[in-house]
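# A look at the structure
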Amino acid sequence: MPGVTTRDPAVTLGSRTFIGLLLAQFTATFNDQATHMVAIFFASDLLTRYIQSPFIDKKAVVAIVTACFMAPFFVLSPLSGTLADRYSKRSIIVFWKVFEVLVMVLALGGLAIPALVGEPGPSPALATLAAVIMIATVFLMGLHSTFFVPAKYGIMPEILDPSVLSRGNGFLEGTSFMAQIFGTSAGGILYAFLKSKISPGSMVPGEEWVIGLLLLILAMIGTGTAALMAPVAAAAPDQKMTREWWGPLRTNLGILLGAKPLTLALIGVTFVAFMTLFLRQTLLYEAELRQDIQDMKTRIVAEAEAKSKPPVKTVTTAKKGRGKSKVEVGKELTWREKLTEALQESELQVALLIAIVGFGVGVGSVAAGYVSGDHVELGMVLPGAVGMIILTGLMTLWMASPKTLVLVLLLLGTSAGFVLVPLYTQLQHRAPKESKGNVIAAANFVYVCAGLVAVVLFYVSTFVLERVFGQLDAQMRVPRVLMFMTCGFTVLMLIALCLRQPDLLLRTALWIRRSCWRTPAVRGCEHLPAREPVIVSARVCSVLDALQISVTGDRYNQLVVIESAAAPGTWAMRLMARLGGVLVLRETASAAAWQQAMHRGSQALANGDLTGVAWCPQETSAAVTTQVQAMLDHWRNGRPGIAVIDVSAG
């Protein structure tokens, strides 16, 4: 970008640019979630309770609002990536924060319509307009996020040094999920307190407009913090714009699938997006089932009472047809009574449960960022995935216990944070510098597709299971089956990750060891490329140091370790090496074993992987050094021009 001076990436998280980005994305995410929740409640009240539209129900409102938010991602992700690379990501962030302010002005107008009209309420046409305006704000916030997210994640490697990138991502993910928590819960609770009193055809206007005003103020604050960010040059200012929708997307998907580190990250993050939406629908479904059963019991009691005494004139303050608590006409509810009734709403119950998951992800993300230290720590992925498997399995047993469910959801979110941070950091770090925005936008497209699959799979599963179990009481088993399915999906995800990165178990073992004991520093692995085959030449004096080198980078490294005859080899060390794809070869091994090791390395290079040899010249004979050199020469001759990276530990 002409006239922009790019500063060196910061080596601390206290930079003005990073703090400005954190606050800008926090307010954006908060407004996303709050607007989403308020739009669902507001549109449902106006369309299904007030004008009683025969064409739409509450489930349809939820589906429409969700689809409106996701549609821009699906259609415009390729364009958003191109813009993020062609122009300064800082400029894009500021532009869309200003756009957010305008969207919140629109939301304020929609929410203010009932108060402006007054009693007995707006006409059906005006009420429909107010609902449509709020749904439109969700679509516009989805449009905002489509362009904001690639710039937000793409700018991270440009403003933070690799030594603090993992910690920065931990804070970015942590604050993002905290914003989701506060936005989801605040949107639901504020609406419960400020909403209008509605009965069919009449309305006592509430103060919903206050929510719109608060969101507008937050958007203005976020825009101001975005302006604090220092100028950043465009990554690829000469990149050409194209009207072709599929072409850029196909190219960037090829980048994601062509590099194993990027594919690994894509698999893990996509699954977490899939599971989050599937889990959200399951929790909502379970709450709706419980409410339906309660409604059935309430109707039975009401019918029995109606036969014994005349009906009392009342107005319902809860959801239509829910049979919630009723109050006498003209009686004002206290704040405690309002909150009690609000908490009986199934949507708000789900919002609070999702907030708990988000809080767990926030805690896990920040912790994962700090534990990662100054590099991408893939050793956290396996424990996080295993934790997700165990906890989703436990949810099939304890969904009926609210306190236990809260704890399990909190720990589930924490486990997901340990999967998200290292994989998202790897996606940012390994994406080509000139196309980070494009690659992240392509990844967002994959996440949206996974969300659509989750929606379709959920509805197909519930349709089938409801007919299998039959009666309403028996259908309470359906959420447990859905959670068991989620557990199975997580197992499949872990299998896919292990197939893509076979040394995950070794990485986890060595990560735990590094956390407990001081280990030698590894030098040279920072030069390893993301895609091309490469040979590693490591000089180390122990098998353990060689294993440490094999997992320091983010690529699967089929290393050959030459163990001296005097070294005390152990079965545990050899088992760890085998699990990590490392071949330990004694210096007294036969010629056939040496030949097999040489062939193994050639095959790895042919597959585009890394291979190499690690040995200690001081502890091995001159003959062994000669054989090692012959092995390196054989690999080099097999692929002329291949890079040889010297690595050491100590």
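About the cut-offs
Here the residue index of a chain counts from 1 through its sequence in written order. Local features in this predicted model are restricted to residues of pLDDT 70 or higher, and side-chain atom pairs are both shown and tallied only at a pLDDT of 80 or more, whereas totals for entire chains, interfaces and linings draw on every residue. Side-chain figures throughout are based on the complete set of non-hydrogen atoms in the structure, without hydrogens or water. Working definition: with a 1.4 Å probe on protein chains only, accessible area under 20% of the residue-type maximum means buried, over 50% means exposed, and in between means partly exposed. Helix and strand labels come from DSSP, where a helix needs a run of H or I of at least four residues and a strand needs a run of E of at least two; each type is numbered from the N terminus. Should DSSP find at least two bridges between two strands, the strands are regarded as paired. To get an axis, fit a line to the C-alpha atoms, keeping to the stretch in contact for a helix; angles then go from 0 to 180 degrees between the N-to-C directions. Here the word oblique covers every angle except those under 35 degrees (roughly parallel), over 145 (roughly antiparallel) and from 65 to 115 (roughly perpendicular). Take the far helix as the reference: if the near one is turned anticlockwise from it by less than a right angle, the crossing is left-handed, and if turned clockwise, right-handed. The contact rule is simple, with two residues in contact once any of their heavy atoms fall within 4.5 Å. Throughout this description, the term nonpolar core refers to a set of buried Ala, Val, Leu, Ile, Met, Phe, Trp, Tyr and Cys residues connected via side-chain atoms within 4.5 Å. To pair, rings of Phe, Tyr and Trp, with the six-membered ring standing in for Trp, must have centres within 6.5 Å; the planes then decide the type, stacked if under 30 degrees apart, edge-to-face if over 60, and tilted in the middle. Look at NZ for Lys and CZ for Arg. If either is within 6 Å of the ring centre and within 35 degrees of the ring normal, a charge sits over the ring. Any Lys or Arg side-chain nitrogen located within 4 Å of an Asp or Glu carboxyl oxygen qualifies as a salt bridge. Values of pLDDT, ranging from 0 to 100, describe the predictor's confidence in every residue of the model. Any residue that is not Ala, Val, Leu, Ile, Met, Phe, Trp, Tyr, Cys, Pro, Asp, Glu, Lys or Arg is counted as polar, Gly included; the first ten are nonpolar and the last four charged.

## A short note on the pairing of strand S9 (residues 610-615)
Burial within S9 is extensive, with 6 of its 6 residues counted as buried. Burial along S9 is two-sided: the face carrying Leu610, Gly612 and Ala614 and the face carrying Thr611, Val613 and Trp615 are both buried. As judged from the 6 bridges shared by strand S6 (residues 534-539) and S9, these two strands associate in the parallel manner. In the strand pairing of S9, Ser537 is matched with Val613. As judged from the 5 bridges shared by strand S7 (residues 557-563) and S9, these two strands associate in the parallel manner.

## Focus on the packing of helix H1 (residues 16-50) against helix H4 (residues 124-154)
Think of two packed helices as two axes; the pair is described by the angle between the axes and how far apart they sit. Remark: H1 packs on H4, axes separated minimally by 9 Å, with the N-to-C direction vectors making an angle of 155 degrees. For the element pair H1 / H4, the angle class is roughly antiparallel. For H1 against H4, the interelement crossing comes out left-handed.

## What to know about the sheet that holds S7
Strand order in the open sheet made by the 6 strands is S5-S10-S6-S9-S7-S8, with mixed pairing throughout. The open sheet has two edge strands with one neighbour each: strand S5 (522-523) and strand S8 (583-586). The strands touched by helix H17 (residues 543-550) are S5, S6, S7, S8, S9 and strand S10 (644-649); relative to S7, the strand with the most contacts, the crossing angle is about 165 degrees.

## Section: the nonpolar core
With 139 residues, the main nonpolar core has Leu160, Leu256, Met388, Met395, Leu409 and Leu427 as its most contacted residues. Looking at which element gives the most residues to this core, the answer is H1, with 17 residues. When neighbours within four sequence positions are excluded, Leu160 is seen to be in contact with Pro9, Ala10, Thr12, Leu13, Phe18, Leu165 and Gly168. Core analysis: the second largest hydrophobic core is formed by 23 residues, Leu559, Val561, Val582 and Ala649 among them.

## What about the packing of aromatic side chains?
With the rule as written, the count across this model stands at 10 aromatic pairs. An angle of 50 degrees between the planes, with centres 5.9 Å apart, marks the rings of Phe69 and Phe73 as tilted. Pair noted here: Phe69 and Phe73 are both in helix H2 (residues 58-86), with a separation of 4 residues, about one helical turn. Arranged with centres 4.9 Å apart and planes meeting at 10 degrees, the rings of Trp96 and Phe147 form a pair that is stacked. Here Phe147 lies in helix H4 and Trp96 lies in helix H3 (residues 89-117), a separation of 51 residues in the sequence. The rings of Phe271, Phe274, Phe278, Phe458 and Phe489 are connected pair by pair, giving a single aromatic cluster. Over the face of the ring belonging to Phe463 we find Arg467, whose NZ or CZ atom lies 3.7 Å from the ring centre.

## Points about the pattern of salt bridges
Overall, the coordinates contain 6 salt bridges when judged by the stated rule. Between Lys97 and Glu100 there is a salt bridge; the shortest N-O distance is 2.8 Å. Linking Lys97 with Glu100, this pair stays in helix H3, spanning 3 residues, or about one helical turn. For Arg636, the salt bridge goes to Asp633, with nearest N and O atoms at 2.5 Å. With Arg636 and Asp633 both in helix H20 (residues 622-638) and 3 residues apart, the pair spans about one turn of that helix.

## Some points on the confidence of the model for the protein
In this model, the protein carries an average pLDDT of 79, and 85% of its residues clear a pLDDT of 70 or more. Within the protein, helix H7 (residues 209-226) carries the highest mean pLDDT (94), whereas strand S4 (residues 326-327) carries the lowest (38). Below a pLDDT of 50 lies the segment residues 1-5, which in the model reaches 9 contacts outside its immediate sequence neighbourhood of four places, other chains included.

## Some words on the packing of H1 against H3
Running from amino to carboxyl end, H1 crosses H3 at an angle of 25 degrees, the nearest separation of the two axes being 11 Å. Accordingly, the angle class assigned to the pair H1 and H3 is roughly parallel. In this structure, H1 meets H3 at a crossing whose hand is left-handed. Taken together, the residues of H3 that come into contact with H1 (itself represented by Leu21, Ala24, Thr27, Ala28, Asn31, Thr35, Val38 and Phe42) are Ile93, Lys97, Glu100, Met104, Gly110, Leu111 and Pro114. Looking at the contact of H1 with H3 residue by residue, the class counts come to 9 nonpolar, 4 polar and 2 charged.

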